[in-house]
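Structural characterization, general
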Amino acid sequence: YFNPSSPLSEKDEAALMRRITAGLPEGIHLELDGHFPAMLSYKMKNYALLKGKGELLIKGSGLRSRGLERFQRQWMEEMFLLLLHGRRDAVEKLYQDFRAAIERHELPVKLLMKTETLQESPQSYQEKVRAKKRNVSASYELALRSEKNFQAGDQVSYYVTGTSRKIKVHQACKLAAEWDPKHPDENVDYYLSKLEELHEKFRPFIEAEPGQPVAVEE
């Protein structure tokens, strides 16, 4: 990725590619992948691109982790769009809106739940836990407690209940199918802490001036 000193026409682009290719080893040719009005580079191989029609493209395991609940991914996507459109002052309102939605139990369970695939049978998992060969897992514990006969390869969707941030998830989880929108019992403090951690993670980018380098702690 590079930022040209001035806008390039198609003719200029082709000429630039030929000039760069001329300095590369024989057999290697460059092609222009596309134009992107803005880019947020989180760290190596992890970045967000704003496409020409305003769409967002996110790359990298650090920004697309399967460990994130859907509401976290949604907040990140909306936050990235604000930053890439030069509207960083609006990020705080976005953050507060998500906080309020969690506190008022307005988020549906599909945004709160995690979905995990059982890599082995619940019985095999249970034997390994007893032998202290693996850690306890919320998805497997739910599979063992369920009346459904879960097998390796099945998916388990669950959310976290309770009132404390410091909980053991495998002891405070319920199947997503058990969530009652009329009587929501998700752990508000737990999900708020998830949002706060994410907000703090990207705070340096939110507060930085456009184009200002930001140091990211590994």
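Residues numbered from 1 in each chain as written. Predicted model: local features only at pLDDT ≥ 70, side-chain atom pairs only at ≥ 80, totals over all residues. Heavy atoms only, no water.

Points about the overall build of the protein
- Check the secondary structure of the protein and you find eight helices and six strands.
- Its helices and strands taken in sequence order, the protein reads α-β-β-β-α-α-α-β-α-α-β-β-α-α from the N to the C terminus.
- Along the three orthogonal principal directions, the C-alpha set of the protein runs to about 65 × 45 × 30 Å.
- Looking at the protein residue by residue over its 218 residues, the buried ones come to 35%.
- For the protein, restricting intrachain contacts to residue pairs at least 6 apart in sequence, the fraction spanning at least 24 positions comes to 53%.
- Of the roughly 14,300 Å² that the protein leaves accessible, carbon and sulfur atoms contribute 48%. (Helix = DSSP H or I, 4+ residues; strand = E, 2+ residues; numbered from the N terminus. Buried < 20%, exposed > 50% of the residue type's maximum accessible area, 1.4 Å probe, protein only. Contact = heavy atoms within 4.5 Å. Areas by Shrake-Rupley, 256 points an atom, 1.4 Å probe, with all protein chains shown as cover.)

Thoughts on the layout of surface pockets
- Reported here for the largest pocket is a volume of approximately 1,100 Å³.
- In this structure, the largest pocket is lined by 35 residues; those nearest its centre are Asn3, Phe36, Pro37, Ala38 and Met39.
- Put simply, the parts of the chain that give the lining of the largest pocket at least two residues each are α1 (10–22), β1 (38–43) and α2 (70–84).
- By residue number, the principal contributor to the lining of the largest pocket is β1, which donates four residues.
- Its residues placed into classes, the lining of the largest pocket shows 22 nonpolar, seven polar and six charged.
- Estimated volume of the second largest pocket: approximately 350 Å³.
- Only α2 and β4 (114–117) provide two or more residues apiece to the lining of the second largest pocket. (1 Å grid on protein atoms, 1.4 Å probe; cavity = no way out; pocket = protein on both sides within 12 Å on 5 of 7 lines; lining within 4 Å. Points joined across faces, edges and corners; volume = space filled by probe spheres on them. Nonpolar A, V, L, I, M, F, W, Y, C, P; charged D, E, K, R; others polar.)

Overview of a positive patch on the surface
- Taken together, Lys59, Arg64, Arg70, Arg73 and Lys110 make up a surface patch of like positive charges.
- Among the secondary structure elements, Arg64 is positioned in the loop between β3 (56–59) and α2. (Patch = residues over 30% accessible without salt bridge, like charges linked within 9 Å, V, L, I, M, F, W, Y side chains within 5 Å. Salt bridge = Lys/Arg side-chain N within 4 Å of Asp/Glu carboxyl O. Lys, Arg positive; Asp, Glu negative; His and termini not counted. Charge placed at Lys NZ, Arg CZ, Asp CG, Glu CD.)

Some words on helix α6 (residues 138–145)
- Residues of α6 that are buried include every one of Ala138, Ser139, Tyr140, Leu142 and Ala143, and no others.
- On its buried face, α6 is in contact with β4, α5 (122–130), β5 (155–160) and β6 (173–175).

A closer look at a nonpolar patch on the surface
- Together, Phe2, Leu8 and Leu32 give the surface a local cluster of nonpolar side chains, amounting to about 250 Å² of exposed area.
- You can see Leu8 is positioned in the segment before α1.

Focus on the sheet that holds strand β2 (residues 46–50)
- Read from one edge of the open sheet, three strands run β1-β2-β3, paired in antiparallel fashion. Each end of this open sheet is capped by a strand with a single partner; those strands are β1 and β3. With direction set aside, neighbouring strand axes in the sheet form an average angle of 10 degrees.
- In this structure, β2 lies alongside β3, joined through four bridges in antiparallel fashion. By the bridge assignment for β3, Ala48 is matched with Ile58.
- Across the sheet, α2 lies against β1, β2 and β3, angled at about 115 degrees from β3, the strand it touches most. (Pairing = 2+ DSSP bridges. Axes fitted to C-alpha atoms, helices over the stretch in contact; angles between N-to-C directions.)

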